[in-house]
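Understanding the architecture of this molecule
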Amino acid sequence: MNTPAKRRRFRSEPTWVPWLFLAPFLVTIAVFLAWPLIQSVLLSMQQTYGPRTTRWIGFENFTFLLGDPLFWKALRNTVVFACGSVFLQLPLSLGLAMLLNRPGLKGRAFFRLIFFAPSLVGLVFVGLMFALMFEKRTGMINVALHALFASFNPEFPWLQEYVMPALILAALWLYVGFNMIYFLAALQHVPAELMEAAALDGAGPWQRFRHVVVPEIMPVVSFVVLLSLLGSFQLFELPFILLNGPGPDNSGLTIVMYLYQMGFSANDLGYASAIGWMLALMLGTFALGQRLWMKKEEAK
Amino acid sequence: MHRPPSRLRTLLASASPAVWVLLAIAVVTSLYVWQRPARHYEGLLFWTAARAHTPAYAPLIEKWNRVHPPEKRVNMLLLDSGALERRMLSGFLSGTPVSDLMEVERSVAGRAFTGPVEDVGFLDLTDRLRDEGLLDKINAPSFGAWTTRGRIFGLPHDVHPVLLAYRSDIVEAAGIDVSQIETWDDLIRAFRPLMKDFDGDGRTDRYILNFWSTNGDVATALMLQAGGRFFDENDRPVINSEINARVLATLATWTAGTTRISVDAPEFSATGNQLRLQGTVIASVMPDWLAGVWKIDLPALSGKIKLMPLPTWTPGGRRTSAQGGSMLGIPKASRDPEACWAFAKELYLSPALAAESYRALSIITPVKEFWSLPVFDEPDAYFGGQPAGRLFINQAPNVPTRSSSPYGTLAQARITDALISLAAVINRTGETDVEKLLPEARRLLDFAQDQVARQVDRNVFLRPSPPVATSVSELSAPSAVSQP
């Protein structure tokens, strides 16, 4: 218990002391977060030719952006990729996790490593590898499919006319194992007694999955969905390397790639900042939506 | 008796050993970097990204350095192309140190021309070139890519005329006389019997031309050959011209449908080289520099390739085009622009460099008086004993002038998109009649034009400047323009 003398001494500390302790944090935030954020807002309302030549153009970057077909194309491509991630990648990850979670499975650690291993390979390497695999005539995929099915066209243009399927396929290989680990961890925390009770009550495998497993792993599912969405909307390296740019007819152009092109190829940092703020708005909306949805689920 | 821990011990115990190890590494490496002496170049610094050019430059730099004082000696530094572009831009835009002299490629130089003309980081060479008679001495179209808003910012390194390379072993064995070929239609008619399905799987195994709808470099070169342009004298886009539409429609029929004559054999790729070696490709559009690349990358084709002028789009038309290019520019921040200018002339206007660039890289000099050097008439074994240099030089005066617009890359990308879309239309509808494809080609080029024009229009630095008051009296006059 504090004595009155101690309390008095505590009260007599100068008021700036807490600020002194907070200073490193505040300075770091101010220099590396607040200041760049403010600057990027200002930049998004300017046209620049380097930091020395700037012109204030108000909201012109944003109005141009809304009428820019390339931005909408990049957004559409990104949404398609995100849908591929959520509706193909995650069910596959969950399926693999359920297979590995089967009781009595031998070599679980080995399979886990095998499925997880692609995630250890960098995105750039994956891009290069798949670029070779998707080559017309000489790529492994076309050669193998042509060998298996003679009618398959060895010139099948994966990276020219089927860019999005190719990207989703490459990302699938890379991330299925990674997401599987999350699901496997969640599945291992589903109480066995709940499953047994459901089985005793006559619930079949689908009903047990639907009414026991899914509600139990829902927080992890929602987290992985959010992670996949955020990752998909920040997609850059994979298409950039795989297609050596935005791809034919910009079919592999993503929002972040467009931002990069505008900022660092076209030197239009103001426009790139406007794209960045639009992206931030979208990601913020997803995060907020997920939070509200989770609160609603918890309230149930 | 228990002794209280010392302050040092307390401090050390306040964090894990790993933290202290990381901190120690950070301190030691920082000290190392801080203490390391900065690389210092005595004299003038010359950046280039063209590794292939450097062996030809080295003896000339050595010769220059022998007769000049240390402060005027040239140090050549080979940089990666991306690194050179970034250093150039950060130097021009933010004032970071740049070299005294730099050799840049066409697409890189264009990026320096995005802003106000007075802010271009290169020294304006227009007056020097005119006063010293170099405008007449150098092949005029070679200046196009380095000229913006009427001012020239670089000394051209090359011409890069384009010819057609073909597999002479295949063509001559079939008894085809290429001297009878004038137009692209003639070529397709003569070479079509060579397109064959050798293994009987119902797919063609040999095609007339290496070209694909994604190959914007060749597509735009062929549009230029036909007389098309992408920007006018004021750098306004003029993509949707009738000439461009007609070429676009024709090129699309080459890559799709029953009229397909081309295969995708990209340059600088293992796949493309394999297709060339196995004879899947008969002819390729070939700028002079590519001839040099083939000699190194595809020695197995030596003696099996010959060159001919590009077939024309209309009888009597242009039989060449231009692809690629480099220039030597002097940054405004150069420490000694006069010495740099003297060196630039000694290097690029040297007959020794003209001969060596051709011998080593098959590159034709833009200096017209050197076109009579005997080296260009030497028979080239790689090209079946043809004097390849002379064939390129014969077409050099006819190369089209290209724009230096910073939106050139964008224009090419949009034209390529249009070509891809038109090829997709052919695949979807089966329509291969150029006349019937023309309306769609025009529509796609209108869209491309609109896209580029929107980007050009929103660049406030390229808009014509409003009249600005130049004196106090003008400021007070009622007609003075008020600027926000």
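Residues numbered from 1 in each chain as written. Chains lettered and ligands numbered in written order. Predicted model: local features only at pLDDT ≥ 70, side-chain atom pairs only at ≥ 80, totals over all residues.

Attention now moves to the overall build of chain B. Of regular secondary structure, chain B possesses 19 helices and twelve strands. Here the C-alpha coordinates of chain B stretch approximately 100 × 80 × 55 Å along the principal axes. Within chain B, buried positions represent 44% of all 484 residues. (Helix = DSSP H or I, 4+ residues; strand = E, 2+ residues; numbered from the N terminus. Buried ≥ 20, exposed ≤ 12 C-beta atoms within 10 Å, placed from the backbone.)

Here we take up the overall build of chain A. Within chain A one finds 14 helices and two strands. Taken over the C-alpha trace, chain A has a radius of gyration of 26 Å; the compact-globule value for 300 residues is 19 Å, which it surpasses by more than 25%. Projected onto its principal axes, the C-alpha positions of chain A cover 85 × 65 × 35 Å. For chain A, with 300 residues in total, the buried portion stands at 30%. Partitioning the intrachain contacts of chain A with sequence separation of at least 6 by distance along the chain shows that 68% fall at a separation of at least 24. (Rg over C-alpha atoms; globule rule 2.2 N^0.38 Å. Contact = placed C-beta atoms within 7 Å.)

Before going further, it helps to spend a moment on the sheet that holds strand E2 (residues 74–78) of chain B. Residue and element names in this part refer to chain B. If you trace the five strands from one edge of the open sheet to the other, you get E2-E1-E3-E12-E6, paired in mixed fashion. Both edges of this open sheet fall to E2 and strand E6 (155–156), since each of them pairs with a single strand only. Note that strand E3 (residues 101–105) and strand E12 (residues 326–329) share four bridges and pair antiparallel. Across the sheet, residue Glu103 finds its bridge partner in E12, namely Leu328. (Pairing = 2+ DSSP bridges.)

Residues and elements named next belong to chain B. Counting buried residues along helix H10 (residues 216–225), nine of its ten residues qualify, which places the element largely inside the surrounding structure. Residues of H10 that are buried include every one of Gly216, Val218, Ala219, Thr220, Ala221, Leu222, Met223, Leu224 and Gln225, and no others. Taken together, the buried residues of H10 touch strand E7 (162–167), helix H11 (242–255), strand E10 (281–287) and helix H17 (408–429). Residue Gly227 follows H10 closely and has a positive phi angle near 105°.

All right, on to the nonpolar core then. Grouped together as the largest cluster of nonpolar side chains are 131 residues, with contacts concentrated most on Leu163, Leu248, Ala252, Leu419 and Leu422 of chain B. With ten residues, the top contributor of residues to this core is H17 of chain B. A domain-level breakdown of this core finds at least three residues from each of domain 1 (44–156 + 325–377) and domain 2 (162–322 + 399–457) of chain B. Excluding anything up to four places from it in sequence, Leu422 of chain B contacts Leu248, Ala249, Ala252, Leu437, Glu440, Ala441 and Leu444 of chain B. With 54 residues, the next largest nonpolar core counts Leu43, Phe81, Ala97 and Leu184 of chain A among its residues. (Core = buried A, V, L, I, M, F, W, Y, C linked by C-beta atoms within 7 Å. Domains from an automatic or database assignment.)

All names here are of chain B. Within strand E1 (residues 44–48), four of the five residues are buried, leaving the element largely enclosed by the surrounding structure. Sheet topology note: the E1/E2 ladder contains five bridges and is parallel. Residue pairing across strands places Thr48 opposite Leu78, the latter belonging to E2. Regarding topology, helix H3 (residues 54–66) serves as the crossover connection from E1 to the parallel E2, and that connection is right-handed. (Right-handed = clockwise from strand over helix to strand, strands pointing away.)

All names here are of chain B. Here chain B is partitioned into domain 1 (44–156 + 325–377) and domain 2 (162–322 + 399–457). Centre-to-centre, using C-alpha coordinates, domain 1 lies 30 Å away from domain 2. Contacts between domain 1 and domain 2 engage 15 residues on the former and 15 residues on the latter. When residues of the side of domain 1 that touches domain 2 are traced back to their parent elements, those giving at least two are helix H5 (106–111) and strand E4 (147–148). Considering every element that reaches the side of domain 1 that touches domain 2, the biggest residue donor is H5, with three residues. Residues of the side of domain 1 that touches domain 2, tallied by class, amount to seven nonpolar, seven polar and one charged. (Nonpolar A, V, L, I, M, F, W, Y, C, P; charged D, E, K, R; others polar.)

This part is about unusual backbone geometry. Residue and element names in this part refer to chain B. At His160, a residue that is not glycine, the phi angle is positive and equals roughly 55°. Relative to the elements of secondary structure, His160 occurs in the loop between E6 and E7. The exposure class of His160 is buried, given the 29 C-beta atoms found within 10 Å. For Ser362, which is not glycine, the phi torsion reads 65° and is therefore positive. Here Ser362 lies in the loop between helix H15 (351–361) and helix H16 (388–395).

Residue and element names in this part refer to chain B. One open sheet holds the five strands; their spatial order is E9-E8-E10-E7-E11, and the pairing between them is mixed. Bordering the open sheet on either side are strand E9 (262–263) and strand E11 (305–309), each of which pairs with just one other strand. The pairing of E7 with E11 spans five bridges and is classified as antiparallel. What sits directly across from Tyr166, in E11, is Lys306.

Time to look at the pairing of E12 of chain B. Residues and elements named next belong to chain B. Of the two faces of E12, both are covered, the one formed by Ser326 and Leu328 as well as the one formed by Met327 and Gly329. Inspection of the sheet shows E6 paired to E12 by two bridges, in the antiparallel sense. Residue pairing in the sheet places Pro156 in a bridge with Met327 of E12.

Next up on the list: the environment of Asp177 of chain B. Residue and element names in this part refer to chain B. Relative to the elements of secondary structure, Asp177 occurs in the loop between helix H8 (168–173) and helix H9 (184–191). Overall, Asp177 belongs to the exposed group, with 9 C-beta atoms counted inside 10 Å. Spatially, the C-alpha atoms of Asp177 and Ala190 are 8.7 Å apart, while their sequence positions differ by 13 residues.

A few words on the confidence of the model for chain B. Residue-level pLDDT values for chain B average 91, and 95% of them are 70 or greater. Both scores are given for the predicted complex: the pTM is 0.82, the ipTM 0.74. (pLDDT = per-residue confidence, 0-100.)

With that settled, consider the environment of Leu60 of chain B. Residue and element names in this part refer to chain B. Tracing the sequence through the fold places Leu60 in helix H3. Overall, Leu60 belongs to the partly exposed group, with 19 C-beta atoms counted inside 10 Å. A sequence separation of 274 residues divides Leu60 from Ser334, and the C-alpha atoms of the two residues are 21 Å apart. When residues no more than four places from it in sequence are discounted, the contact partners of Leu60 are Glu346, Leu347, Ser350, Ala352 and Leu353.

Moving on, we get to the confidence of the model for chain A. Of all residues in chain A, 96% have pLDDT values of 70 or greater, and the mean over the chain is 89. Mean pLDDT across the elements of chain A bottoms out in helix H1 (residues 4–11) of chain A (53) and peaks in helix H3 (residues 60–66) of chain A (94).

Moving on, we come to the environment of Trp146 of chain B. All names here are of chain B. Relative to the helices and strands, Trp146 resides in the loop between helix H7 (134–137) and E4. The sequence separation of Trp146 and Ser404 amounts to 258 residues, and the corresponding C-alpha distance is 5.8 Å. If we ignore the near neighbours within four places in the chain, the residues touching Trp146 are Ala109, Ile152, Phe153, Gly154, Pro156, Met327 and Ser404.

Residues and elements named next belong to chain B. Packing of H11 against H17 brings their axes to within 9 Å, and their N-to-C directions diverge by 55°. Here H11 lies oblique to H17, going by the angle between them. Between H11 and H17 lies a crossing of right-handed hand. Together, Leu248, Ala249, Leu251, Ala252, Thr253 and Thr255 of H11 and Ala418, Leu419, Leu422, Ala423 and Ile426 of H17 make up the contact between the two elements. Taken together, the residues of the contact of H11 with H17 break down into nine nonpolar, two polar and no charged. (Axes fitted to C-alpha atoms, helices over the stretch in contact; angles between N-to-C directions. Parallel < 35°, antiparallel > 145°, perpendicular 65-115°, else oblique. Left-handed = near helix turned anticlockwise from the far one by under 90°.)

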